[in-house]
Amino acid sequence: MISASVSCPACSCSVLERDINNHLDSGCSEYKLNTALPAKEESKRKLAPIFSQGQTSSLKSTTPSEVGCEGSSKKKRKIEGSSSAVTQSVSGREKRSNKQVFDATASTPLAERLRPQSLDEFVGQKHLTGPHSLLRNLLESGNLGGIIFWGPPGCGKTTLSRLLAREANCIFKEMSATSSGINDVRNVFEEAKGSLALTGRKTLLFLDEIHRFNKAQQDIFLPYIEKGRIQLIGATTENPSFKLTGALMSRCRVFTLQPLTDEEMRTIISRAVKRLSNMNETVASSALQEPISSQGSDLSFVTQGSPESSNVEGPYPFYPQLTPRVIASLISLSAGDARTALSLLDLIFASRNNLQEEELLASLRQSVSCSYDRTGDSRYDMISALHKSVRGSQGNAAMYWLARMLTAGEDPMYIARRMVVCASEDIGLADNHALPLAIATLHACQQVGMPECRINLAHLVAYLSEAPKSTRAYEAYNSAEVAAKMDVTAPVPMAVRNAPTALMKELGYSEGYKYNPQYNHPVYNDYLPSAFRREMFLKEPGDMSNKAWDEDALVRWETECNGGRPWSGRPPVLPRRRRSQSIS
């Protein structure tokens, strides 16, 4: 049975009904029925506008040919109207050629469009990408195995994973633990198993935010990594020691990525601007020769104006906003995050050429969010820095870390509780007013709240920093705790036991105890178990036994904090000048 013919909705050709899908898939070039049209008319046939994007310049002088058989005057008028609309659209765009022109990649972030395409273009992490690094050796061996990239955002974890897959000639699969589950991962593993058996090519799975998988979910990787059926690269911003299971850690190598340095950030920004400037120059020169089509280049926009019209003399004439001060601020605000730097760069590109520098810098500062995470490592790093600054009597540093945490949104109660601990741990018996002041500050934070309680915290931090320090109580408890754990069955001496009943008194409880207030002179009782009677847990004031003497550390303190003057407590038997000369 012969299939009926239909008219193609794109080119109006007659096509068998059974072949219409294949005809459309071929771009209207095949499966057409023979017609009686002359050769000249057939050569004039053009595709419908939906198949001819990017060729709008030819549509201005082209009129649709008359179509026989299935054609009609209504259809011809529609096609002609479509061609006319396209022509008018092109003409309108020519009039607006000096304005921004967006292409299909306008929605793609700049950081994604400018990713390096090879390891040679990769900036930063030289300890991993260097010629003789461990990661390079793994890549050359062709067996990456299991890898965990641990580093802050924007340091190159995703980019490096993609480049490794390309260099190793592996099938690359990319997933995120925030949007994928166990079933998705299992499907990738099954595909990898089949690909390895059929083609011999290994599959590299890049799993971003791997720490989002719980311990049960992480166990799915174990047999596949162990048998070599999958090569895994997991990326995380959290400490793997706390977020990943020990079984997974034992099967993977952990590589630490560092925040990018200022020079590396400057290199990334410079490369990005030069690449976009070259693209803009090409687009601008072509725009003067032919009408601008709807399909642009790799750029998301053509800059406003031209370098000649801006009258700017600088390294980047297409972007007069990029002054040295703006670039320096951009690097500082990025804090080693390349993604943030390129996002800020995208904002600068979108700004007006005549925007004042101060206004632009203010806008950039407001657009950067703080990277402080109240559940991450940065929180504990900063509170540790605050505590150690107070312990070291460095009030300036302590005040800085206090301000860093509060301006980042830290709970003031968290800081106040830590300072209560610090008052007893580090100041202790040297100043008995420290603990009451810390408790009062904790109460003030509860009653007053932010932003006023920042003043109370500053008062407390300044006092604790300048107060004398003593760890006698803290060290005494630590020593006593060690002794208590050594023998948990050591009996309480009979003299200091409680004897509330006659039976217990008959058994010798409290026998021989001397009640100290009854005597006008010191008396002694057996207060400790016999095994620890000679132990000295709480040392006498001024007892410096078991304290280290580090001449290098003392010389540095004298240089940095004492104006180069010798410490007043330096003993005369250790001449400072001879030792310091040997250090230098």
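Description of the structure in this document. (Residues numbered from 1 in each chain as written. Predicted model: local features only at pLDDT ≥ 70, side-chain atom pairs only at ≥ 80, totals over all residues. Heavy atoms only, no water.)

This next bit is on the layout of surface pockets. Considering only enclosed or pocket space, the second largest pocket measures out at about 700 Å³ in volume. Taken together, 14 residues make up the lining of the second largest pocket; nearest its centre are Ala-548, Trp-549, Leu-554, Trp-557 and Trp-567. For the lining of the second largest pocket, the element with the most residues is helix H26 (residues 551-560), which contributes three residues. Tallied by class, residues from the lining of the second largest pocket come to seven nonpolar, three polar and four charged. (1 Å grid on protein atoms, 1.4 Å probe; cavity = no way out; pocket = protein on both sides within 12 Å on 5 of 7 lines; lining within 4 Å. Points joined across faces, edges and corners; volume = space filled by probe spheres on them. Helix = DSSP H or I, 4+ residues; strand = E, 2+ residues; numbered from the N terminus. Nonpolar A, V, L, I, M, F, W, Y, C, P; charged D, E, K, R; others polar.)

Take the sheet that holds strand E7 (residues 253-256) next. In space, the five strands of this open sheet follow the order E4-E5-E6-E3-E7, with parallel pairing throughout. Because the sheet does not close on itself, it has two edges, and the strands there are strand E4 (171-176) and E7. Averaged over all pairs of adjacent strands, the angle between strand axes in this sheet comes to 20°, irrespective of strand direction. Across five bridges, the pairing between strand E5 (residues 203-208) and strand E6 (residues 231-236) is parallel. (Pairing = 2+ DSSP bridges. Axes fitted to C-alpha atoms, helices over the stretch in contact; angles between N-to-C directions.)

A separate point is the packing of helix H21 (residues 412-427) against helix H22 (residues 434-448). Two elements in contact, H21 and H22, have axes separated by 9 Å at closest approach and are oriented at 175°. One element, H21, and the other, H22, form an angle in the roughly antiparallel class. Two secondary-structure elements touch here, H21 through Pro-412, Met-413, Ala-416, Arg-417, Met-419, Val-420, Ala-423, Ser-424 and Ile-427 and H22 through Ala-434, Leu-435, Ala-438, Ile-439, Leu-442, Cys-445 and Gln-446. (Parallel < 35°, antiparallel > 145°, perpendicular 65-115°, else oblique. Contact = heavy atoms within 4.5 Å.)

Here we come to the pattern of salt bridges. Here the idea is simple: oppositely charged side chains can pair when their charged atoms come close. This model, assessed by the stated rule, comprises 15 salt bridges. Glu-226 serves as the salt-bridge partner of Arg-251, at 3.1 Å between the closest nitrogen and oxygen. A residue pair is termed long-range when its members are at least 10 positions apart, and Arg-251 in helix H13 (residues 246-251) and Glu-226 in helix H11 (residues 221-226) qualify at 25 residues. By relative accessible area, which is 28% here, Arg-251 ends up partly exposed. (Salt bridge = Lys/Arg side-chain N within 4 Å of Asp/Glu carboxyl O. Buried < 20%, exposed > 50% of the residue type's maximum accessible area, 1.4 Å probe, protein only.)

In this section: the pairing of E4. For a regular strand, the rule is simple: side chains alternate between the two faces of the sheet. As paired elements, E4 and E5 share six bridges and run parallel to each other. Among the inter-strand pairings, Ile-171 is bridged to a residue of E5, identified as Thr-203. Crossover E4 to E5 through helix H9 (residues 182-198) is right-handed. (Right-handed = clockwise from strand over helix to strand, strands pointing away.)

On to the nonpolar core, then. With 29 residues, the main nonpolar core has Leu-322, Leu-345 and Phe-349 as its most contacted residues. Of all the secondary structure elements, the ones that give two or more residues to this core are helix H5 (110-113), helix H14 (262-287), helix H16 (324-334), helix H17 (338-350) and helix H18 (357-367). With seven residues, H17 is the largest single contributor of residues to this core. In this structure, Leu-345 is in contact with Leu-110, Ile-269, Ala-272, Val-273, Leu-322 and Leu-330, ignoring residues within four places of it in sequence. (Core = buried A, V, L, I, M, F, W, Y, C linked by side-chain atoms within 4.5 Å.)

This part is about a nonpolar patch on the surface. Side chains of Tyr-513, Tyr-515, Tyr-524 and Tyr-527 sit close together on the surface and give an oily, nonpolar patch of about 470 Å² of accessible area. Note on placement: Tyr-524 falls in the loop between helix H25 (502-506) and H26. (Patch = residues over 30% accessible without salt bridge, like charges linked within 9 Å, V, L, I, M, F, W, Y side chains within 5 Å. Areas by Shrake-Rupley, 256 points an atom, 1.4 Å probe, with all protein chains shown as cover.)

What follows covers unusual backbone geometry. Geometrically, the link from Met-450 to Pro-451 is a cis peptide bond, its omega value of 5° lying close to zero. Considering the arrangement of structural elements, one finds Pro-451 in the loop between H22 and helix H23 (453-466). The phi dihedral of Gln-125 is positive, around 55°, even though this residue is not glycine. Looking at the element boundaries, Gln-125 is found in the loop between H5 and helix H6 (126-129). Unusually for a residue other than glycine, Asn-169 sits at a positive phi of about 55°. Take Asn-169: it is sitting in the loop between helix H8 (157-167) and E4. On the basis of relative accessibility, which here comes to 53%, the residue Asn-169 falls in the exposed class.

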